[in-house]
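Observations on the model geometry
One letter stands for each residue in the lines below.
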Amino acid sequence: MKDISIPVAEPALVGNERHYVMDCLDSNWISSNGKYIKKFEDGFGQLCAAEHAVSCSNGTVALHLALLALGVGPGDEVIVPTLTFVSTANAVAYCGAKPVFIDSENETWNMDVELIEGQITENTKAIIAVHLYGHPVDMDSVMAIARRHDIAVIEDAAEAHGAQYKGRPVGAIGDIGTFSFYGNKVLTTGEGGMVVTNNEHIASDVRLLRGQGMDPERRYWFTVIGYNYRLTNIAAAIGVGQLEKIEWHLARRREVADAYARCLSGVAEVSVQPEMPWARNVYWMNSLVLGEKIDISRDELASELAEHGIETRPFFVPMHELPMYQNEDESRRFVVAERLSRQGLSLPSSASLEISQVEWICDRIKIAIAG
């Protein structure tokens, strides 16, 4: 295999990130206090049209905090798409609750909203709507179901910074939203996360839990069992620099996505991720799905591209196929998610990717498919 020359993802540090980090070092504000934490929280809250934004150490932690703030615990059930990154289900398990999986839909690759209501029981406490690969879920339908059954909605927007549903930013459409700032995300702090909400009580609980449960009015007085889930000022400084360039990041990702769509248009048995008329996809990953009749497998295509130094990623393995989450009800089927997982491949997607590189990658795909 040739050395990787085009990574599947890499951060684009094109703003004031270095300047702000050096400011942290020069001032000695390097831990979980400092001006950049509030700047990052305030700015990201504005991006999401959320009244409250609480930073934390990573996206999985953000999900855990969200579930804890909603009171999810042992005996509860949380509805989760089966096609997602494992942290979505793991955070439910951390709380002692049970993830109940939902198949995908063909149109957006997100959870099939029409299947949710059939899995709601008296134990259902919440729905986690994952905006997979940067495309929003049909949130009006999810919210309508949740309100009918008096259950909460968490938006797992780890992959969807700046995405919009019917003109509204994702994250604060549900009761609470969570984001990741891992190095491959639309915006990065290296490692980091954020919880956003328009509910002041939820935000207060998240802040309390994030900081070991210490009473904000009385130092070293702990009212609950909390966690050390705080973000550092250095990481927040990187986030502020990233956030200042959010429109650049989103515009570049759309240019890359448009180039993939143009170059792969008309290639038989190859479909790129769609964008519904009511959505703004941020294309965290530019992904394709191979048709069932194509002569080359997804893994064979990945190997061919790797020979040319092009790094790719397979789609996530559905949660119900993992050993710890294997479906106990053998009568349930997840046909769409299994097909997407088996046939899906994510291509290089960084905001710093050149259009000429996209065109070259697509040429290699066409050659590989043609045999």
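Everything here concerns the structure above.
Read on for an overview of the structure. The structure displayed is predicted, hence computed values, not measured ones.

When helices and strands are tallied, the protein chain shows 11 helices and 14 strands. The principal-axis extent of the C-alpha atoms belonging to the protein chain is close to 70 × 55 × 35 Å. A total of 371 residues make up the protein chain; the buried ones form 56% of that total. Within the protein chain, contacts between residues separated by at least 24 positions form 72% of all contacts whose residues are at least 6 apart in sequence. Of the roughly 16200 Å² of accessible surface on the protein chain, a fraction of 49% belongs to carbon and sulfur atoms.

Attention now goes to the sheet that holds strand β7 (residues 168-169). Ordered in space as β7-β6-β11, the three strands form an open sheet in which the pairing is antiparallel. Looking along the sheet, the strands with just one partner apiece sit at the ends: β7 and β11 (279-280). Two strands pair when backbone bridges link them, and strand β6 (residues 164-165) and β11 are joined in this way by two bridges, in the antiparallel orientation. Bridging from a neighbouring strand, glutamine 164 pairs with arginine 280 of β11.

For soluble globular proteins, nonpolar side chains are generally found buried alongside one another. Membership of the largest hydrophobic core comes to 79 residues, with the highest contact counts inside it found for Phe40, Phe44 and Leu67. Look past the residues within four positions of phenylalanine 44 in its chain and what remains in contact with it is His161, Phe179, Phe181, Leu187, Met194, Val196 and Leu243.

This part is about the side chain of threonine 88. In this fold, threonine 88 is placed in helix α4 (residues 86-94). Look at threonine 88 and you get buried, because its relative accessible area is 0%. Side chain to side chain, threonine 88 and threonine 84 meet in a polar contact 2.9 Å long. Here the side chain of threonine 88 touches aspartate 156 through a polar contact of 2.8 Å, side chain to side chain. Residues in contact with threonine 88, not counting those within four places in the same chain, are Leu63, Val80, Ile128, Val130 and Asp156.

Residue position: serine 32 is located in the loop between α1 (17-27) and α2 (35-47). Not counting residues up to four positions away in its chain, the partners in contact with serine 32 are Ile37, Arg230, Leu231, Thr232 and Asn233.

Glancing now at the packing of aromatic side chains. Within a pair of aromatic rings, the relevant descriptors are the distance that separates the centres and the angle that separates the planes. By the definition in use, this model includes 13 aromatic pairs. A network of ring pairs unites the aromatic residues Phe85, Trp109, Tyr133, Trp284, Phe315 and Phe316 as a single cluster. Between the NZ or CZ atom of arginine 219 and the centre of the ring of tyrosine 220, over which it lies, the distance is 5.7 Å.

Here we come to the pattern of salt bridges. It is possible for side chains bearing opposite charge to pair when their charged atoms get close. With the rule as written, the count across this model stands at 13 salt bridges. The residue aspartate 42 makes a salt bridge to lysine 38 at a minimum N-O spacing of 2.6 Å. Placement of the pair is aspartate 42 and lysine 38 together in helix α2, with a separation of four residues, close to one helical turn. Under the relative-accessibility criterion, aspartate 42 is labelled partly exposed at 37%. Of the residues examined, lysine 38 reaches a relative accessible area of 52% and is grouped as exposed. Close ionic contact of lysine 166 with aspartate 140 constitutes a salt bridge, the shortest N to O distance being 2.8 Å. With lysine 166 in the loop between β6 and β7 and aspartate 140 in helix α5 (residues 139-149), the pair connects residues that are 26 residues apart, well separated along the chain. What makes lysine 166 partly exposed here is its relative accessible area of 49%.

Here the focus is the packing of α1 against helix α7 (residues 233-244). The N-to-C vectors of α1 and α7 enclose an angle of 155°; their axes lie 8 Å apart at closest approach. Viewed along their axes, α1 and α7 adopt a mutual orientation that is roughly antiparallel. Along this stretch, α1 crosses α7, giving a crossing that reads as right-handed. Facing α1, whose interface residues are Glu17, Tyr20, Val21, Cys24 and Leu25, α7 presents Asn233, Ile234, Ala237, Ile238, Val240, Gly241, Gln242 and Glu244. Taken together, the residues of the contact of α1 with α7 break down into eight nonpolar, three polar and two charged.

Joining two cysteines, a disulfide is a covalent bond between their sulfur atoms. Applying the stated criterion across every chain, the model contains zero disulfides. Lacking any disulfide linkage, cysteine 24 is separated from the closest cysteine sulfur, that of cysteine 56, by 18 Å. Considering cysteine sulfurs only, cysteine 263 is the nearest to cysteine 362, which forms no disulfide, with 4.4 Å between them.

Cut-off values and rules
Residues numbered from 1 in each chain as written. Predicted model: local features only at pLDDT ≥ 70, side-chain atom pairs only at ≥ 80, totals over all residues. Heavy atoms only, no water. Helix = DSSP H or I, 4+ residues; strand = E, 2+ residues; numbered from the N terminus. Buried < 20%, exposed > 50% of the residue type's maximum accessible area, 1.4 Å probe, protein only. Contact = heavy atoms within 4.5 Å. Areas by Shrake-Rupley, 256 points an atom, 1.4 Å probe, with all protein chains shown as cover. Pairing = 2+ DSSP bridges. Core = buried A, V, L, I, M, F, W, Y, C linked by side-chain atoms within 4.5 Å. Polar contact = N/O pair within 3.5 Å; in protein donor to acceptor, adjacent residues only side chain to side chain. Phe/Tyr/Trp six-rings, centres within 6.5 Å; stacked < 30°, edge-to-face > 60°. Lys NZ or Arg CZ within 6 Å of the ring centre and 35° of its normal. Salt bridge = Lys/Arg side-chain N within 4 Å of Asp/Glu carboxyl O. Axes fitted to C-alpha atoms, helices over the stretch in contact; angles between N-to-C directions. Parallel < 35°, antiparallel > 145°, perpendicular 65-115°, else oblique. Left-handed = near helix turned anticlockwise from the far one by under 90°. Nonpolar A, V, L, I, M, F, W, Y, C, P; charged D, E, K, R; others polar. Disulfide = S-S within 2.5 Å.

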